[in-house]
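For reference, the chains in residue letters:
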Amino acid sequence: MHEGPLLRLDRVTKRFGGAVAVDGVTASFDPGVIYGLIGPNGSGKTTLINLISGLYEVDAGTIVLGEHHLEKRLAHQMAALGIVRTFQMPKAFGSMTLVENLLLPVAGDHRRESLSNQRGRAGEVLQHTGLDHLADAPAASLSGGQTMLLQLARALMHEPVRLLLLDEPFAGVAPAIKERMMATIRRINQERGAAVLLVSHEMTTIRALCERIGVMNTGRWIAEGPLAEVAARPEVIEAYLGKPI
C-alpha cells in the first residue's frame, strides 16, 4: 500500500509562448488535508490546477498521485483515479435537470452502476446541499452560486474522490450558498478522506477551511505552511504589497 503524500509535484513547468506561467513548482499534498492556494492575480494558481487535472499538459516536471503519473492521462482516467474538479466559471448541462446532472458521473465513469439505483442517492445529495427543491428544474435556471453548488454536489456522486480541486468556488456567491458550499467541501473531505486544493482570494474562507496554505507568485511556489505563519513571511508580504520604497 502506498504511504506518504497523496500528490507530488516535482519541478512542474508550463509556458505559454515566451511567458512562464508555472515555474518549476515542487510541492506535496497529504491525503485528507484541505489546502488553500493563494497568491496575487496572474501568479499561476489556476494554471497549476489545470496542470494537475490534466486540462493542460506539462512542459517539464512530473505530477504523481499516489503511485500514478498524471502526465498525458485522459479525462476518464483522471476520474477513475479519484480526481474531481470544479471550474471558476460554473459548468453544468443547462437543458438537463439537477438530478440528471448528478447522474452524469455515474453514467460516464468506470463503475457502470444502474442509474435507477443511483436516483435515490442523487436525491440525498441534493438534500444535503439544499438544492432538493430544484431537483427537477433545468440547470440553466440556477444562479451562478447555485450552479457552483451543483458542481460540488456532483463531486459527492463521484466514486472514489481522492483529490478535489476547487478554482475560486466562492467568487460572487451569496453568503447562504457559500455556507452550504463550505459544509459540502468539509463533507467530501471528512467522509471520503479526500485531499482538497482550494484556490481562493477570500482569506476569511481560507482561514475557516484550510489547514495549510501554499503561496504562488510569478509562477513560483514561494511559501507553504499554516496561514498565520505564511502571512507573516517577508516574501509573501512582498508578493502582495510589492517591495517597500
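A few points on the structure.

Looking now at the overall build of the chain. Secondary structure assignment for the chain yields 9 helices and 10 strands. Based on the C-alpha atoms only, the size of the chain along its principal axes is roughly 60 × 40 × 35 Å. Relative to its full complement of 245 residues, the chain shows a buried share of 49%. Taking the intrachain contacts of the chain between residues at least 6 apart in sequence as the baseline, contacts between residues at least 24 apart amount to 68%. Put simply, the chain shows about 11600 Å² of open surface, and 52% of that area lies on carbon and sulfur atoms. Across the chain, 25 positive and 25 negative side-chain charges occur, with their mean positions spaced 3 Å apart.

This part takes up the packing of helix α5 (residues 144-157) against helix α6 (residues 175-192). The N-to-C vectors of α5 and α6 enclose an angle of 10°; their axes lie 10 Å apart at closest approach. Accordingly, the angle class assigned to the pair α5 and α6 is roughly parallel. Handedness of the α5/α6 crossing: left-handed. Residues Gly145, Gln146, Met148, Leu149, Leu152, Ala155 and Leu156 of α5 touch α6, and the partners they reach there are Ile177, Arg180, Met181, Thr184, Ile185, Arg187, Ile188 and Arg192. Here the contact of α5 with α6 is composed, by residue class, of 9 nonpolar, 3 polar and 3 charged.

What follows is about the nonpolar core. Core analysis: the largest hydrophobic core is formed by 49 residues, its most contacted members being Leu98, Leu102, Leu164, Met181, Ile185, Leu209 and Val215. Counting residues per element, this core draws most heavily on α5, which supplies 8 residues. The residues contacting Leu209, other than those within four sequence positions of it, are Ile34, Phe170, Met182, Ile185, Arg186 and Leu198.

Quick look at the sheet that holds strand β10 (residues 220-225) now. Taken in spatial order, the 6 strands line up as β6-β7-β8-β3-β9-β10 in an open sheet, and their pairing is mixed. If you trace the sheet from one side to the other, it starts and ends with β6 (83-85) and β10, each paired once. For this sheet, the mean angle separating the axes of adjacent strands, direction not counted, is 20°. Across 3 bridges, the pairing between β6 and strand β7 (residues 163-167) is parallel. Its bridge partner being in β7, Arg85 is matched across the sheet by Leu165.

Rules used in this analysis
Residues numbered from 1 in each chain as written. Predicted model: local features only at pLDDT ≥ 70, side-chain atom pairs only at ≥ 80, totals over all residues. Heavy atoms only, no water. Helix = DSSP H or I, 4+ residues; strand = E, 2+ residues; numbered from the N terminus. Buried < 20%, exposed > 50% of the residue type's maximum accessible area, 1.4 Å probe, protein only. Contact = heavy atoms within 4.5 Å. Areas by Shrake-Rupley, 256 points an atom, 1.4 Å probe, with all protein chains shown as cover. Lys, Arg positive; Asp, Glu negative; His and termini not counted. Charge placed at Lys NZ, Arg CZ, Asp CG, Glu CD. Axes fitted to C-alpha atoms, helices over the stretch in contact; angles between N-to-C directions. Parallel < 35°, antiparallel > 145°, perpendicular 65-115°, else oblique. Left-handed = near helix turned anticlockwise from the far one by under 90°. Nonpolar A, V, L, I, M, F, W, Y, C, P; charged D, E, K, R; others polar. Core = buried A, V, L, I, M, F, W, Y, C linked by side-chain atoms within 4.5 Å. Pairing = 2+ DSSP bridges.

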